[in-house]
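# Per-entry structural report
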Amino acid sequence: MTNQAAILTQTHGPLKIKDLPIPQCHPAEVLVKVKAVATNAADWKIYEGHFPQDLPILLGCDIVGEISEVGSSVTGFSIGDRVYAIVQTTIKYPLTKSQVAGYTQQQLTGMQSMLKTGRVASDLRHGGYQKYVPMLPRMIFKVPECISDEIAATFGCSFFTATAAVFKSLGFPYPILASAPPGELEKVLVWGGASAVGAFAIQLLKASHAEVTAVCSAKSFDYVRSLGASHVIDYGAGDVVNQVKEQGLGFRIAFDAISSKETCNACLDIVGEGGKVANVQFLEALRRPNIDLVHTNVVDILGESDAEFLSSLIGAWIPKVLSEGTLKGMQFMKYSGGLGDIDRAIRDHRDGKIAGKGVVSGI
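The paragraphs below set out a description of the structure included in this document. Just so you know, these numbers come straight off a predicted model, no measurement behind them. (Residues numbered from 1 in each chain as written. Predicted model: local features only at pLDDT ≥ 70, side-chain atom pairs only at ≥ 80, totals over all residues. Heavy atoms only, no water.)

## Re the overall build of the chain
Just so we agree on the cut-off: The helix count covers DSSP runs of H or I at least four residues long, the strand count covers runs of E at least two residues long, and both are numbered beginning at the N terminus. Every radius of gyration here is taken over C-alpha atoms, with the globule rule written as 2.2 Å times N^0.38, N being the number of residues. Note on definitions: a residue-residue contact is assigned when non-hydrogen atoms from the two residues lie within 4.5 Å. For accessible areas, the Shrake-Rupley method is used with a probe of radius 1.4 Å. Any residue's cover is judged against the shown protein chains and nothing else. For the charge count, each Lys or Arg is scored as positive and each Asp or Glu as negative, with His and the chain ends excluded. To locate a charge, take atom NZ for lysine, CZ for arginine, CG for aspartate or CD for glutamate.
Each helix and strand counted, the chain has ten helices and 15 strands in total. The C-alpha atoms of the chain give 20 Å as radius of gyration, which agrees with the globular expectation for 363 residues (21 Å, within 12%). Based on the C-alpha atoms only, the size of the chain along its principal axes is roughly 60 × 45 × 35 Å. Considering only contacts in the chain between residues 6 or more positions apart, those separated by 24 or more positions represent 71%. Of the roughly 14,700 Å² of accessible surface on the chain, a fraction of 51% belongs to carbon and sulfur atoms. A distance of 3 Å separates the average location of the 33 positive side-chain charges in the chain from that of its 35 negative side-chain charges.

So, in structure tokens, the structure goes:
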């Protein structure tokens, strides 16, 4: 076996294709042979130098591939095993032999480095833009046969961020345990419903029996409705706060998946005193009295203390609802040039040429 990677060696790129040793599979990891990868907004922000960082660095959060090695302390995974049993149960719907998808440790280690040193550390081990990547079992799921590699690759960071927002920041019940409540459903506003994080949040909120109104562009109305949004608001049609008032809509809870200064202030205006807003950026300067403003950090659900929760969610619930068609991956643009096409996909994502994610196959 040989390994190659697309490495960022200088700010603004381009990525360089280099030979690397195959990462050692630590006892608590599995080693995945990568088949396809998806771009993420964090990739182009690091690519463009938006964070204090040390280079070289290996980017890539979202991958799909096949297990090629299992760490000595890992249970529930075997090379070639067709049963995914993280929660010690036999899942009866069809699963692809040894095929997994999920979230690499690249952003996790980057965020941990930022918290300790104030910089994203140089890292040539954890990123997904290589042929072999080590992964933590609690951050990957088994891919049902009915799901393509491209769709599976769109989960990763965006899904885990939405999971942190819905279940940690906003406190909604885990969908497997959420029986339909009597009476009126909780109404939630999701700003950025067509974004990758927002689209997953809509689906998770619906699974937890919330009624979702999505803020997005008019061209995305059909898309966000297909994900489960009951109402849609066009941010391009004028003041969203006024649109909410004019339509007689009321919300105690909002999730701002865009999290600019403008969108966060609008969400705070919409929920008002006694309300709660979750976002994905540190916007402490916008905090107001009597409104709960919560920053969603994906690291909050990736620690050992959440391993049991994540194992249940990705070990049982995700493959089930993917097979049933009640959980959908993101819209994407496909690139077929392998590692050499990742640089173009990242730049296209940066330039707004991609709806959803860029998925690169042929790794």
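On we go.
## Structural notes on the environment of Phe282
Let me state the cut-off plainly: Using a 1.4 Å probe on the protein chains alone, a residue whose accessible area is under 20% of its type maximum counts as buried, one over 50% counts as exposed, and one in between counts as partly exposed.
Within the secondary structure, Phe282 is located in the loop between β12 (276-279) and β13 (292-295). When its relative accessible area of 61% is taken as the criterion, Phe282 is described as exposed. Distance from Phe282 to Val294, taken between C-alpha atoms, is 9.0 Å for residues twelve residues apart in sequence.

## A word on the packing of helix α4 (residues 156-169) against helix α9 (residues 307-324)
Put simply, the rule reads: Note on method: axes are straight lines fitted to C-alpha atoms, helices fitted across the in-contact stretch only, with angles between N-to-C directions ranging 0 to 180 degrees. What makes a crossing left-handed is the near helix being turned counterclockwise from the far one by less than a right angle; a clockwise turn instead makes it right-handed. Throughout this entry, Asp, Glu, Lys and Arg are counted as charged residues, while Ala, Val, Leu, Ile, Met, Phe, Trp, Tyr, Cys and Pro are counted as nonpolar. The remaining residues, Gly among them, count as polar.
Between α4 and α9, the shortest axis-to-axis distance is 13 Å and the interhelical angle comes to 115°. For the crossing formed where α4 meets α9, the hand is right-handed. Packed against α4, whose contacting residues are Phe159, Phe160, Thr163 and Phe167, the element α9 presents Phe309, Leu310, Leu313, Ile314, Trp317 and Ile318 at the interface. Class assignment for the residues of the contact of α4 with α9 results in nine nonpolar, one polar and no charged.

## Looking at α9
What counts is decided by this rule: A helix is expected to span 1.5 Å for every residue after the first. Throughout, bend refers to the angle between the axes fitted to the seven residues that end at a position and the seven residues that start at it.
Its 18 residues place the ends of α9 25 Å apart at the C-alpha level, agreeing with the 26 Å of an ideal helix rising 1.5 Å per residue. The sharpest bend along α9 measures roughly 35° and falls at Trp317, with the proline Pro319 sitting one to four residues further on. Taken residue by residue, α9 has Ala307, Leu310, Ser311, Leu313, Ile314, Gly315, Ala316, Trp317, Ile318, Pro319, Val321 and Leu322 as its buried positions. The first or second residue beyond α9 is Gly325, which carries a positive phi of 85°.

Interpretation note: all reported values are geometric properties and have no functional meaning in isolation.
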